[in-house]
Amino acid sequence: MFDIREGTNKELILAGRFDASQVERARGVFLSLSEGKIVDFAQLDYISSAGLGVLLAAQKRLSQRGQSLKLINVNHHIRDVFRFSGFDQIFEIA
Amino acid sequence: MSSPAVQRDTSARSDVALYALLELSKALSSEFDLDKLLAVIVEKASAVVEAESTRIVLYDEVPSDADVKLSNTGTVLRAPVIDSHGKILGIIESVNKTTQSSFDAHDESLMHALATHVAVAIERARMTEVHLDNQRYEQSLRLASEIQMRMLPSGTVSLPVNAPFAIHAFIRPAKQVGGDLYDFSWNDERLFFCVGDVTGKGIGAALVMAMTKTLLRAHAAFQDDPAQVLSAVNTRLYEETDPAMFVTAFCGFLDLRDGRLRYSNAGHEPPLLRSGRAVDRLQSKAGLPLGVLRSFVYVVEEKVLQPGDSLLLYTDGVTDASNRAEELFTSTRLREVVEHCANAEPSSIVSDVAASVDRFADGTAQADDIAMLCVKYYGAERPVEMAETFRRDIAELEDVFDLVGRFFAATDVDDATRYAVELAAEEIFTNLLRHNPSGGDQIEIRLRLEDDDLALSVTDFNAPPFDVQADAPEVDVDRPLEERTPGGLGLFLVKSMMDRVAYQHENGNSTVTLYKKVPSA
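Worth saying up front: this structure is predicted, and the values here are computed from it rather than measured. (Residues numbered from 1 in each chain as written. Chains lettered and ligands numbered in written order. Predicted model: local features only at pLDDT ≥ 70, side-chain atom pairs only at ≥ 80, totals over all residues.)

1. Section: the sheet that holds strand S7 (residues 190-198) of chain B
Residue and element names in this part refer to chain B.
Okay, step 1: The strand order S6-S7-S8-S9-S12 describes an open sheet built from five strands, whose pairing is antiparallel. Two strands lie at the open edges of the sheet, namely strand S6 (180-186) and strand S12 (301-304), each paired on one side alone. Between one strand axis and the next, the sheet turns through 15 degrees on average, direction left out of account.
Okay, step 2: When S7 meets strand S8 (residues 247-255), the two strands line up antiparallel, connected through nine bridges. Residue valine 198 lies in a different strand from S8, and its bridge partner there is valine 247.
Okay, step 3: Helix H4 (residues 202-222) rests against S6, S7 and S8 of the sheet, and its axis sits at about 20 degrees to S6. (Pairing = 2+ DSSP bridges. Helix = DSSP H or I, 4+ residues; strand = E, 2+ residues; numbered from the N terminus. Axes fitted to C-alpha atoms, helices over the stretch in contact; angles between N-to-C directions. Contact = placed C-beta atoms within 7 Å.)

Now the structure itself:
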């Protein structure tokens, strides 16, 4: 299952599996962002190109306002996906 | 007494008689216990004919001077009880009229009716008893059949997907209980299996079958020499069963580490060995059946099974199954079925043979017990393979992941590979949904691990050629953010994370296969 919610410090928490059948809900949340966010990946097990597409669209939109998403607690499998796709160059991963 | 008084008396009397007869009829329809019923008849009969006493005598053997007709001495009124076949069952006899000096013609006709009631009651009670006996017999046979079947391990065996062998067995007695048997047991190193056939059918054979099965299992647990197992069982059977009883049996120990099969045969049909597409009898020297001589030396023979080889053990109920024209199924037909079985899995071979025998018999009653046991040896390094078909719907994605999850649960492959395979399965599946609108209704995903080679195949059935990679846009991962697009990203990731991609279009089906070497355990 996939879940997206706001944490106690206004960060976005992603949990579960961010796959092609789950992107619509996530897209709504990311497109409504008006400022940069910390996105906590600690509980995220899986992401595919569908999820990356949502993050990319959000990052592009925010960057036009000089804002960005910052990713934290990214597990090493997902970190590999970011690296293979070059997304490690367009997201700050802490 | 005046005549009108007599008139009234007579009419009152027939009321009592009719009432008693009615009571009798009720008892006849509600009472099935013969002794109780006869007691009721005796009691009511005295009321009906107004007698001091009545008795019923039933003959075990009909005396030569038995009454065949009703007799009336005035004080003794006696009628024979004759059943529907005209057989004399006994007599019913009332003595001493209580209301007048002698029994009259009216009493005679009442007595005749009573005798008929008695005959009907006895006949019905006897039929009920026979019926109940039959029912009890049927029930004990059913119970015996259940007990017998429960002695055998279930013919359908679920093993881990990477177990070095598969096994499937089938048994169908001709009667409720039978003399065929199979058994198997295994540990990490070896598999023991056997099939046997006791002479004769029915309960006697079933008891010897139970004994043989127990002996084989017990001896196989303590040693792994098939000839010694047979020799030991032979002596016990010789000592403890009827001299006319004997058992043919075949047993073997398969070394699960290297495929070495050691087997021994006591007068049984040699098994069929299917290796590739070739089917042959497993060569064996048939020793004497078990239980013929007190001591007999059986020989051990050996054959190394190749990974993929299947062995089918069977009893002659298979080859001797006959059809209406009284032709036999024969070992030739059996061999053909085994040859043509599509995938040589034990469950398929056994069900194919059973179905083929039934088609051949075409409703002809099964004359002999049928038993089969099929073992397939995969080799110590059994490829793990799983496949499932999915609807062309994004909602199926959860089930796609479930399949991948089960596949990895059955293997020791590392998590990084699992992630790559999950991602590849999703990306190819969703790509087909989005970009191959002319694809078929069903998409199959197949996973296979052989040695250290993992293959993921995604097949679009009844689809025109469509290579997911062909039109994928190039991805330059070094472009700055504003120039990045999500197009082609999925396939790009798949190619980065898997080692190799192959595409083929065959028989109208379009298949993409992705390979990855996995670190060997």
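After that view, the rundown keeps rolling.
2. Quick look at the interface of chain B and chain A
Okay, step 1: Of the residues lining the interface, 24 residues belong to chain B; the matching set on chain A comes to 18 residues.
Okay, step 2: The set of elements that each furnish at least two residues to the side of chain B that touches chain A consists of helix H9 (397-409), helix H10 (415-435) and helix H11 (489-497) of chain B.
Okay, step 3: Among the residues forming the side of chain B that touches chain A, the class breakdown is 13 nonpolar, three polar and eight charged. (Nonpolar A, V, L, I, M, F, W, Y, C, P; charged D, E, K, R; others polar.)

3. Re helix H2 (residues 49-63) of chain A
For an α-helix, 3.6 residues make a turn, and residues three or four places apart therefore share a direction.
Okay, step 1: Between its first and last C-alpha, H2 of chain A extends 20 Å over 15 residues, near the 21 Å set by a 1.5 Å rise per residue.
Okay, step 2: Residues of H2 of chain A that are buried include every one of Ser49, Ala50, Gly51, Leu52, Val54, Leu55, Leu56, Ala58 and Gln59 of chain A, and no others. (Expected span 1.5 Å × (residues − 1). Buried ≥ 20, exposed ≤ 12 C-beta atoms within 10 Å, placed from the backbone.)

4. Remarks on the environment of leucine 423 of chain B
Okay, step 1: With respect to the secondary-structure elements, leucine 423 of chain B resides in helix H10.
Okay, step 2: Judged by C-beta crowding, with 25 C-beta atoms within 10 Å, leucine 423 of chain B ranks as buried.
Okay, step 3: Separated by 68 residues in the primary sequence, leucine 423 of chain B and leucine 491 of chain B place their C-alpha atoms 9.7 Å from one another.
Okay, step 4: Not counting the four nearest positions on each side in its chain, leucine 423 of chain B is found in contact with Ser48 of chain A together with Leu493, Val494 and Met497 of chain B.

5. Details of the environment of glutamine 176 of chain B
Okay, step 1: Looking at where glutamine 176 of chain B falls in the secondary structure, it is placed in the loop between strand S5 (165-172) and S6.
Okay, step 2: Expressed as a C-alpha distance, the spacing of glutamine 176 of chain B and aspartate 369 of chain B, which sit 193 residues apart in the sequence, is 9.8 Å.

6. Some points on the confidence of the model for chain B
Residue and element names in this part refer to chain B.
Okay, step 1: Mean pLDDT over chain B: 88, with 97% of residues reaching 70 or higher.
Okay, step 2: Across residues 1-9, confidence stays below pLDDT 50; counting only partners more than four residues off in sequence or on other chains, it has one contact.
Okay, step 3: This prediction of the complex comes with two scores: 0.58 for pTM and 0.95 for ipTM. (pLDDT = per-residue confidence, 0-100.)

7. Details of unusual backbone geometry
Only a minority of non-glycine residues have a phi that is not negative, and only a minority of peptide bonds are not trans.
Residue and element names in this part refer to chain B.
Okay, step 1: You will see that glutamate 326, though not glycine, has its phi angle at about 60 degrees, which is positive.
Okay, step 2: If you trace the backbone, glutamate 326 turns up in the loop between helix H6 (316-319) and helix H7 (330-340).
Okay, step 3: Take glutamate 326: there are 7 C-beta atoms within 10 Å of it, and that puts it in the exposed class.
Okay, step 4: Backbone geometry at threonine 330 places phi at a positive 70 degrees, although glycine is not the residue there.
Okay, step 5: Note that threonine 330 resides in helix H7.

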